[in-house]
Amino acid sequence: MSKQRLNILFLENHPMWIHGLPNGFRKLGHEVMTSLPQTMTYAAMDKFKPDLIIAISWTPSNDKPKKQERIASLVQHAKVPYIYWSTEDPGFTKRVSLPLIKRTKPDFVFSIHRPTVAKFNQLGIRAAHLDFGSDSSVHRRMKPLQKYKGTAALVANGYPNLYKKRPHNYRFQSLRRLVNPFLSTAYKTDLYGRYWNEMKTIFKRPIAANRIHGYLPYKEASKVYSSVDYVLGPQNARDRLTQRTYEILASGGLLITDDTPEVRRWFKPGQDLLVTSSEQETARLIAYYNTKPKLRERIRANAVKAAAVYSYTVRAGFILQKLYEEGILNSK
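Every residue gets a number counted from 1 within its own chain, in the order that chain's sequence is written. Local features are withheld for residues below a pLDDT of 70 in this predicted model, meaning they are given only at 70 or higher, and side-chain atom pairs are given and counted only at 80 or more; totals for whole chains, interfaces and linings count all residues. Only hydrogens and water are removed before side-chain values are computed, so all heavy atoms of the structure are retained for them.

Another aspect to go through is the nonpolar core. F25, W85, F110 and L323 are the most contacted members of the largest nonpolar core, which totals 50 residues. Here a strand is any run of E in DSSP of at least two residues, a helix any run of H or I of at least four, and the numbering for each starts at the N terminus. Per-element accounting of this core gives the leading share, 6 residues, to helix α14 (residues 312-325). Setting aside residues up to four positions removed in sequence, F25 forms contacts with I8, F10, H30, V32, I54, A316, I319 and L320. Nonpolar cores are built from buried Ala, Val, Leu, Ile, Met, Phe, Trp, Tyr and Cys residues. Side-chain atoms within 4.5 Å join them into one set. Buried means the residue's accessible area, taken with a 1.4 Å probe over protein chains only, is under 20% of the maximum for its type, while exposed means over 50%, and partly exposed covers the values in between. In terms of nonpolar packing, the next biggest core, distinct from the first, is built from 27 residues, W196, M199, I212 and Y230 among them. Contacts were defined at the residue level, with two residues in contact if any of their heavy atoms lie within 4.5 Å.

Take the sheet that holds strand β8 (residues 189-192) next. Ordered by their spatial adjacency, 5 strands build an open sheet running β8-β7-β9-β10-β11, and the pairing between neighbours is parallel. With one partner strand each, in any of the chains shown, β8 and β11 (274-276) form the two edges of the open sheet. Within the sheet, the average angular offset between the axes of one strand and its neighbour, ignoring direction, is 25°. A pair of strands is treated as paired once DSSP finds two or more bridges between them. The sheet contact formed by strand β9 (residues 228-233) and strand β10 (residues 255-258) spans 3 bridges and is parallel. When the bridges of β10 are listed, L232 appears paired with I256. Strands in contact with helix α8 (residues 170-183) are β7 (150-155), β8, β9, β10 and β11; relative to β10, the strand with the most contacts, it is inclined by about 140°. Here an angle of 0 to 180 degrees is reported between the N-to-C directions of two axes, which are lines fitted to C-alpha atoms, with helices fitted over the stretch in contact. Along the sheet, helix α10 (residues 243-250) contacts β7, β9 and β10; its crossing angle with β10, the most-contacted strand, is approximately 155°.

We define a salt bridge as a side-chain nitrogen of Lys or Arg found within 4 Å of a carboxyl oxygen belonging to Asp or Glu. Applying the stated rule across the entire model yields 17 salt bridges. The residue D63 makes a salt bridge to K64 at a minimum N-O spacing of 3.7 Å. Given a relative accessible area of 23%, D63 falls into the partly exposed group. Relative accessible area serves as the criterion here: at 45%, K64 is assigned to the partly exposed category. The partner of K188 in a salt bridge is D190, with the nearest N and O atoms 2.6 Å apart. Linked by salt bridges that have partners in common, D63, K64 and K67 make up one network.

Geometry only, nothing functional implied.
Okay, here's the thing in structure tokens:
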């Protein structure tokens, strides 16, 4: 792969995204600009002279047809390769990913969901699998802070509307088997994220009002992960991982998550993280590891090393390698 330095334009400004993959490209030595499509002018683009344009996910930057048409217009003006990282698959492939792909016409698509890659290929869309990652400048182990200290923490949103429609969705099953055992004890368990006040019936016991903390700024999450004994990380399905899985591990959090094939594909239970298949198993994990602080510390140290293997610097390198292999980028 060519070592040429590229100018890479991300048509995105959401905190969840601009502190991840863009940093990976920067660490590889490339020049990166992030911008809303709506505020990016042709003059600014001509001055930056991008070699590659990237759009990500489904955010306020690209969630409406007019915004997607703006992306298409900018790409047409730049006349350079354009790729889309589809992070809403498979639940929103039909509603979100495919309409955006149709309007913006990326040269290549990366998806977090392997089976969806095959579907894209069947539709004549060149695609490959690209999972989430983490960036050590944002997610790293930090000194524990008193205001965040406790036995366990959950950093996630509640999704009450989905819960009303599909209370047996995998995500909610995951939440129950992770959170209920902690609520059944006197352990300090804190919930961070939106809408938990609207999710009062999901758990076996009520959540104390002073344990619900609402929205947590993206860059603040590592401080929570570093300050508690256990971090509860629900999964959305058995065949993919959440973004927070990587971020918790990179922060040295002792992650308890679901025992799924996808978790075991990339990480080693008992070495990098803890896995559970039931509330009873979660309770056994708590009882066992509460008495072994040195073992907990060893797992947390391993977690950081395990996450580094899948950093956004590694992901960025994979993207470029794939684009050169496909002839979308030409080495100079």
